[in-house]
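Architecture and fold: a report
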Amino acid sequence: MSVLVTGAAGFIGYHTCQRLLERGETVVGVDNLTPYYDVSLKELRLSRLAAHPNFTFNRADIADRAAMTVIADANPEVDSYVHLAAQAGVRHSLTAPHDYTHSNIEGHLVMLELARRSGRCRHFVYASSSSVYGANTKLPFSVDDRVDTPISLYAATKRAGELMSHSYSHLFRVPTTGLRFFTVYGPWGRPDMAAYLFAQAIMAGEPIKVFNNGDMRRDFTYIDDIVSGVVGVLDNPPADDGVSPPYHLYNIGNNRSERLMDFIGLVETSLGRKAIYQFEPMQPGDVKETAADITAIQRDVGFAPTTPISVGVPAFIDWFKSYHGL
Ligand SMILES: NC(=O)c1ccc[n+]([C@@H]2O[C@H](COP(=O)([O-])OP(=O)(O)OC[C@H]3O[C@@H](n4cnc5c(N)ncnc54)[C@H](O)[C@@H]3O)[C@@H](O)[C@H]2O)c1
């Protein structure tokens, strides 16, 4: 398999490339290294990927049609896509909305077009998000639930990506699978996400912001489990029976909704330091609880997350300490 991975310098993209390379696939990585968070972390991830002979990297914006066509023409053997590049983060979408339409809508369309025009796409797997469930109060969240009422522009662009993918599966028979990720954490994780922000503030002796007075629950999913799911899905493209579009959409989460305060407690224990709590009201666009119904991905791909937060959080903190030389 020759796989084009977008967002290769990102958190999930880096780990996905590692797993694919370890099992002998050829990987063409694409990323434009947006400065949304510390670019040196992205560069360090890339430097580790560069050690693999089967990895090539292209610095490019996925929304740049001309640049992406050049990459596609230079890599005609690509037959599979793991499209993870996006402007992520709910809160940033309140202040920089155009970053989201650029990467998540225009960029997503450019990627679908590449897959269609190649004429040899065996599977196009792409990242969606649990954010599409908005203020859904029916738990756990199921892919059969209606998701017509996004409460952030980030969620709206992720839902748009799902809808565009469906149209390409229907019209052009491109086999697509969307993955709605639920709060991913782990080594090499994102500095804008809870685990990292908490660890950083605790080590600096600064207060940690805890929203909704700590009354939040998240389906925290460990990165290794996520990557197993992504690769398992990649290996199982939706069949085309000539009638229904070759299109799948799955939740990919840990299937256990954890109390935010328990998660913070594990960060404190792993660091050996107590946090200073700064309780804040609910943030606009944020949701109180997420929980993934993963029945479909379990049934179709055998996805079975194995990492509880009691194992995953200490593993994240081990990496965090060594990364920061603590
Ligand atoms: N991490 C999570 O908990 C989570 C949850 C839900 C959904 N997701 C989705 O999963 C995917 C991967 O997320 P992540 O956590 O690895 O984020 P990340 O920000 O670490 O990785 C995304 C990468 O995409 C790159 N990128 C952004 N816009 C680009 C563009 N226009 N052209 C080329 N590259 C571009 C960035 O430079 C970055 O390296 C994203 O689509 C995100 O929306 C992640």
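How each quantity is defined
- Residues numbered from 1 in each chain as written.
- Predicted model: local features only at pLDDT ≥ 70, side-chain atom pairs only at ≥ 80, totals over all residues.
- Heavy atoms only, no water.
- Helix = DSSP H or I, 4+ residues; strand = E, 2+ residues; numbered from the N terminus.
- Rg over C-alpha atoms; globule rule 2.2 N^0.38 Å.
- Buried < 20%, exposed > 50% of the residue type's maximum accessible area, 1.4 Å probe, protein only.
- Contact = heavy atoms within 4.5 Å.
- Areas by Shrake-Rupley, 256 points an atom, 1.4 Å probe, with all protein chains shown as cover.
- Lys, Arg positive; Asp, Glu negative; His and termini not counted.
- Charge placed at Lys NZ, Arg CZ, Asp CG, Glu CD.
- UniProt positions renumbered as here; feature names shortened; annotations may be inferred.
- Axes fitted to C-alpha atoms, helices over the stretch in contact; angles between N-to-C directions.
- Parallel < 35°, antiparallel > 145°, perpendicular 65-115°, else oblique.
- Left-handed = near helix turned anticlockwise from the far one by under 90°.
- Nonpolar A, V, L, I, M, F, W, Y, C, P; charged D, E, K, R; others polar.
- Phe/Tyr/Trp six-rings, centres within 6.5 Å; stacked < 30°, edge-to-face > 60°.

With an unreviewed UniProt entry as reference, the protein is termed Protein CapI, source organism Paramagnetospirillum marisnigri.

Secondary structure summary: the protein contains 10 helices and 13 strands in total. Relative to its length of 326 residues, the protein is compact, with a C-alpha radius of gyration of 19 Å against a globular reference of 20 Å. Expressed along its principal axes, the backbone C-alpha trace of the protein runs to roughly 55 × 45 × 40 Å. The buried share of the protein, taken over its 326 residues, is 54%. Considering only intrachain contacts with a sequence separation of at least 6, the fraction spanning at least 24 residues in the protein is 84%. Accessible surface, the protein as shown: approximately 13600 Å² in total, 52% of it carbon and sulfur. Distance from the positive charge centre (29 side chains) to the negative charge centre (35 side chains) of the protein: 2 Å.

So, about the UniProt feature "domain: NAD-dependent epimerase/dehydratase" (unreviewed entry) in the protein. Sites flagged by UniProt as "domain: NAD-dependent epimerase/dehydratase" (unreviewed entry) map to residues 3-253. Secondary structure within residues 3-253 divides into 39% helix and 20% strand; the distance between the first and last C-alpha atoms comes to 23 Å.

This part takes up the packing of helix α1 (residues 11-22) against helix α7 (residues 223-234). Across the interface, α1 lies against α7 with an axial gap of 9 Å and an inter-helix angle of 60 degrees. When the interaxial angle is binned, α1 and α7 end up oblique. In this structure, the crossing between α1 and α7 has a hand that is right-handed. Residue-level inspection shows Phe11, Ile12, His15, Thr16, Arg19 and Leu20 of α1 in contact with α7, the latter providing Ile223, Asp224, Ile226, Val227, Ser228, Val230, Val231 and Leu234. Looking at the contact of α1 with α7, its residues break down into nine nonpolar, three polar and two charged.

Once that is clear, we can look at the packing of helix α8 (residues 260-271) against helix α10 (residues 309-323). Helix-helix packing is described using two parameters, namely the angle between the two axes and the distance between the axes. Their axes nearest at 9 Å, the elements α8 and α10 cross at an angle of 45 degrees. Classified by the interaxial angle, the pair formed by α8 and α10 is oblique. Handedness of the α8/α10 crossing: right-handed. Of the residues in α10, those touching α8 at Phe263, Leu266, Val267, Ser270 and Leu271 are Ile309, Ser310, Val313, Pro314, Ile317 and Lys321. Its residues assigned to classes, the contact of α8 with α10 comprises eight nonpolar, two polar and one charged.

This part takes up the packing of aromatic side chains. The description of an aromatic ring pair rests on the distance of the ring centres and on the angle between the ring planes. This model, assessed by the stated rule, comprises 22 aromatic pairs. Measuring from centroid to centroid gives 5.5 Å for Tyr14 and Trp188, while their planes differ by 55 degrees, and the two rings are tilted. Of this pair, Tyr14 sits in helix α1 while Trp188 sits in the loop between β7 (184-185) and α6 (194-204), and the two are 174 residues apart along the sequence. What makes Tyr14 buried here is its relative accessible area of 2%. The buried category is assigned to Trp188, whose relative accessible area is 10%. Ring geometry for Tyr196 versus Phe316: centroids 6.3 Å apart, planes at 55 degrees, classification tilted. Note that Tyr196 is positioned in helix α6 and Phe316 in helix α10, a separation of 120 residues in sequence.

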